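Chains, contacts and geometry: an overview
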There are 4 protein chains.
Amino acid sequence: MSNAQCQGLHLDPSTREDARRRLLSIKGHVEGILRMLEDETVYCVDALKQIKAVNGALEKVAGLVLRSHLRDHVVTAQQRGDVDEIVEELMEVLKYR
Amino acid sequence: MSNAQCQGLHLDPSTREDARRRLLSIKGHVEGILRMLEDETVYCVDALKQIKAVNGALEKVAGLVLRSHLRDHVVTAQQRGDVDEIVEELMEVLKYR
Amino acid sequence: MSNAQCQGLHLDPSTREDARRRLLSIKGHVEGILRMLEDETVYCVDALKQIKAVNGALEKVAGLVLRSHLRDHVVTAQQRGDVDEIVEELMEVLKYR
Amino acid sequence: MSNAQCQGLHLDPSTREDARRRLLSIKGHVEGILRMLEDETVYCVDALKQIKAVNGALEKVAGLVLRSHLRDHVVTAQQRGDVDEIVEELMEVLKYR
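Cut-offs used in this document
- Residues numbered from 1 in each chain as written.
- Chains lettered and ligands numbered in written order.
- Predicted model: local features only at pLDDT ≥ 70, side-chain atom pairs only at ≥ 80, totals over all residues.
- Heavy atoms only, no water.
- Helix = DSSP H or I, 4+ residues; strand = E, 2+ residues; numbered from the N terminus.
- Rg over C-alpha atoms; globule rule 2.2 N^0.38 Å.
- Buried < 20%, exposed > 50% of the residue type's maximum accessible area, 1.4 Å probe, protein only.
- Contact = heavy atoms within 4.5 Å.
- Lys, Arg positive; Asp, Glu negative; His and termini not counted.
- Charge placed at Lys NZ, Arg CZ, Asp CG, Glu CD.
- Axes fitted to C-alpha atoms, helices over the stretch in contact; angles between N-to-C directions.
- Parallel < 35°, antiparallel > 145°, perpendicular 65-115°, else oblique.
- Nonpolar A, V, L, I, M, F, W, Y, C, P; charged D, E, K, R; others polar.
- Least-squares fit on C-alpha atoms with pLDDT ≥ 70 in both.
- Buried area = accessible area lost by both parts, 1.4 Å probe.
- Salt bridge = Lys/Arg side-chain N within 4 Å of Asp/Glu carboxyl O.
- Polar contact = N/O pair within 3.5 Å; in protein donor to acceptor, adjacent residues only side chain to side chain.
- 1 Å grid on protein atoms, 1.4 Å probe; cavity = no way out; pocket = protein on both sides within 12 Å on 5 of 7 lines; lining within 4 Å.
- Points joined across faces, edges and corners; volume = space filled by probe spheres on them.
- pLDDT = per-residue confidence, 0-100.

1. Concerning the overall build of chain A
Per the secondary structure count, chain A includes 5 helices and 0 strands. Going from the N terminus to the C terminus, chain A shows its helices and strands as α-α-α-α-α. Relative to its length of 97 residues, chain A is extended, with a C-alpha radius of gyration of 18 Å against a globular reference of 13 Å. Oriented by its inertia axes, the alpha-carbon framework of chain A measures out at about 60 × 30 × 25 Å. For chain A, buried positions account for 48% of its 97 residues. Of all intrachain contacts in chain A linking residues separated by at least 6 positions in sequence, the fraction that spans at least 24 positions is 59%. When the 14 positive and 16 negative side-chain charges of chain A are each reduced to one mean point, those points stand 5 Å apart.

2. Focus: the packing of helix H3 (residues 44-74) of chain A against helix H5 (residues 83-93) of chain A
Residue and element names in this part refer to chain A. Packing of H3 against H5 leaves a shortest axis separation of 12 Å and a crossing angle of 170 degrees. What the angle tells us is that H3 and H5 run roughly antiparallel. In this structure, H3 contributes Leu 66, His 69, Leu 70, His 73 and Val 74 to the contact, and H5 contributes Ile 86, Glu 89 and Leu 90. Partitioning the contact of H3 with H5 into residue classes produces 5 nonpolar, 2 polar and 1 charged.

3. Re the relation of the copies chain B and chain A
For the pair of chain copies, the relating transformation is a rotation about an axis with a translation along it. The transform that puts chain B on chain A rotates by 180 degrees and translates by 0.0 Å along the axis, for an RMSD of 0.0 Å. Within this description, the copies of the chain are treated as partners about a two-fold rotation axis. Comparing contact sets, 100% of the residues at the interface of chain B also lie at the interface in chain A, consistent with an isologous, same-surface contact.

4. Here's the deal with H5(A)
Of the positions making up H5(A), those classed as buried are A:Val83, A:Ile86, A:Val87, A:Glu89, A:Leu90, A:Met91 and A:Val93. Of the surrounding elements, those touching the buried residues of H5(A) are H3 and helix H4 (77-80) of chain A, helix H3 (44-74) of chain B together with helix H3 (44-74) of chain C. Where H5(A) terminates, the next one or two residues include A:Lys95, which has phi positive at roughly 65 degrees.

5. Considering the interface of chain B and chain A
Taken together, the contacts link 43 residues of chain B with 43 residues of chain A. Contact between chain B and chain A buries roughly 4,400 Å² in total, counting both sides, with carbon and sulfur atoms accounting for 72%. The partner of B:Glu31 in a salt bridge is A:Lys27, and the shortest N-O contact between them spans 3.4 Å. Our count for the chain B to chain A interface comes out at 12 residue pairs in polar contact (both at pLDDT 80 or more). Those elements that place two or more of their residues in the side of chain B that touches chain A are helix H2 (13-36), H3 and helix H5 (83-93) of chain B. Its residues placed into classes, the side of chain B that touches chain A shows 26 nonpolar, 5 polar and 12 charged.

6. Examining the layout of surface pockets
Of the pockets and cavities examined, the largest pocket occupies roughly 2,100 Å³. Those elements giving two or more residues to the lining of the largest pocket turn out to be H3 of chain A, H3 of chain B, H3 of chain C together with helix H3 (44-74) of chain D. Of the residues contributing to the lining of the largest pocket, the split by class is 13 nonpolar, 10 polar and 24 charged.

7. Digging into the packing of H2(B) against H3(B)
All names here are of chain B. Contact geometry of H2 with H3 gives a least axis separation of 10 Å together with a crossing angle of 170 degrees. Viewed along their axes, H2 and H3 adopt a mutual orientation that is roughly antiparallel. Within the contact of H2 with H3, the residues separate by chemical class into 15 nonpolar, 4 polar and 4 charged.

8. A few points about the side chain of B:Ser68
Within the secondary structure, B:Ser68 is located in helix H3. Using a relative accessible area of 5% as the deciding quantity, one classes B:Ser68 as buried.

9. Quick notes on the pattern of salt bridges
Scanning the entire structure with this criterion turns up 35 salt bridges over all chains. Put simply, B:Glu17 and B:Arg20 hold a salt bridge, and the shortest N to O gap is 3.7 Å. With B:Glu17 and B:Arg20 both in helix H2 and 3 residues apart, the pair spans about one turn of that helix. Close ionic contact of B:Arg22 with B:Asp18 constitutes a salt bridge, the shortest N to O distance being 3.1 Å. Residue B:Arg22 and its partner B:Asp18 are both found in helix H2; the two are separated by 4 residues, about one turn of the helix. Among the ionic contacts, a cluster of salt bridges with common partners joins A:Glu17, A:Arg20 and B:Glu38.

10. Some thoughts on the environment of D:Glu89
Within the secondary structure, D:Glu89 is located in helix H5 (residues 83-93). With relative accessibility at 14%, the residue D:Glu89 sits in the buried group.

11. Details of the confidence of the model for chain A
All names here are of chain A. Confidence in the prediction for chain A averages 93 pLDDT; 93% of positions are at 70 or higher. Taking the mean pLDDT of every element in chain A, the minimum, 63, falls on helix H1 (residues 3-6) and the maximum, 98, on helix H2 (residues 13-36). Across the predicted assembly, pTM comes out at 0.93 and ipTM at 0.92.

12. Focus: unusual backbone geometry
All names here are of chain B. In this model, Lys 95 sits at a positive phi of 65 degrees, which is unusual for a non-glycine residue. Structurally, the position occupied by Lys 95 is in the segment after H5. Residue classification places Lys 95 among the exposed positions, given a relative accessible area of 59%.

What follows is the structure in C-alpha cells.
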C-alpha cells in the first residue's frame, strides 16, 4: 500500500466528478478523430489540429487535478511529515526530472 | 472546399492506419482513467500520471502525422505553389503563433 | 510589500547560488548564439538547435527553483495560512491557467 | 561540410537580424535575473516567472527561425533532392523523436 493510500490522500469528490465529465468528452473527441481517420481523403493538418485539441483538453484536466492535489495534500505535507515523497513525486509528474 | 482537399493532400494510408491503431489504444487508456476515477480512494498523482501518459501517446501520434505531412506535402509546396498556406497552417498547428 | 516578502519566503542560499552559476553559463550560451548569427552562412537548424538547448538549460534552472519552493514554502502553506495565494501563484507559473 | 553548407541553405538576412536583436534583449533579461539572484531576499516564484518569461522570448525567436527555414528550405526540399535529411533534422529539432 502506498503512502498516499495509507494516509487517505484522495482526490476530492467534486474534482473527481469534474475530471470524469471532461474525460468522457475527451473520449468522444478521440472517437471523432478515429472516424475522421477512416476517411481516405483526410488532410494531415486537420488530424493534427484535432490531436492537439485533445492534448489541450487533457492538460485542463491535469490542471484541475493538480490544483486539487496542491490544495489538499501538498500544502499540508509538513504537518503530515511526508515532504520528501510529496515533493519528489510532484517534480516527476511535472516532468522536472 | 479547402486548398488541401482540392489538391488531394491526403494522409498516406499506412500512417493513417498506424494512427488509428494508436488512437484506439489511447481511447482504451482514457476509459481506464475513467474507471480509475470511479474509485473514491483514487490518489491525485496516480490520476495525473495517467493523464500525462495519454498526452505522451497523443504526441507520438502527432509526430507520425507531422512527419508524413512534411514528407508528402510540405517539401513539395514550392512545386505545387501553395507555400504561404502550407507554412502558416503548419506554424499554427505547431503553436508558433 | 508582497505576502512573500512579509513572510520571509526566500529562495534558499545554495539553490540561489546554483541557479546563478547555471544562468551565467546560459548567458554565455546566448552570447554564443549571437556570434553564430553574425555569420551570413549560418544554417537555420543549427541556430534552432542552440535556442532549444538554452530552453532546456533554463527549464533545469526552473526545476531547481521549483523544487526549492515546494520544499521550503508550499508544503508549509497550511501552517502559515496562505494556501490560496501559494496555490494560485504556483498554478499560474506552471501555466495551468 | 554539412549538406546545409554545401547547398547554401542560409538563414535569410532580415530574420537573422531580427533574431539577433531579440537575443540581445534576452541576454539583458538573463543578466537581470542574475542581479535578482544576488538579493538574499528574492522570492522563488518571482525568479521562476522571469525564467519562464525568458523561455517564452526564446520560443518566439525559435518560431521566427523556424518559419524562415520552412519558407526558404523545407518547401523546396523535393526540388533540391534532400527530403530525408531535411525532414529528419526538423523532426528532431521539434522534439518529435
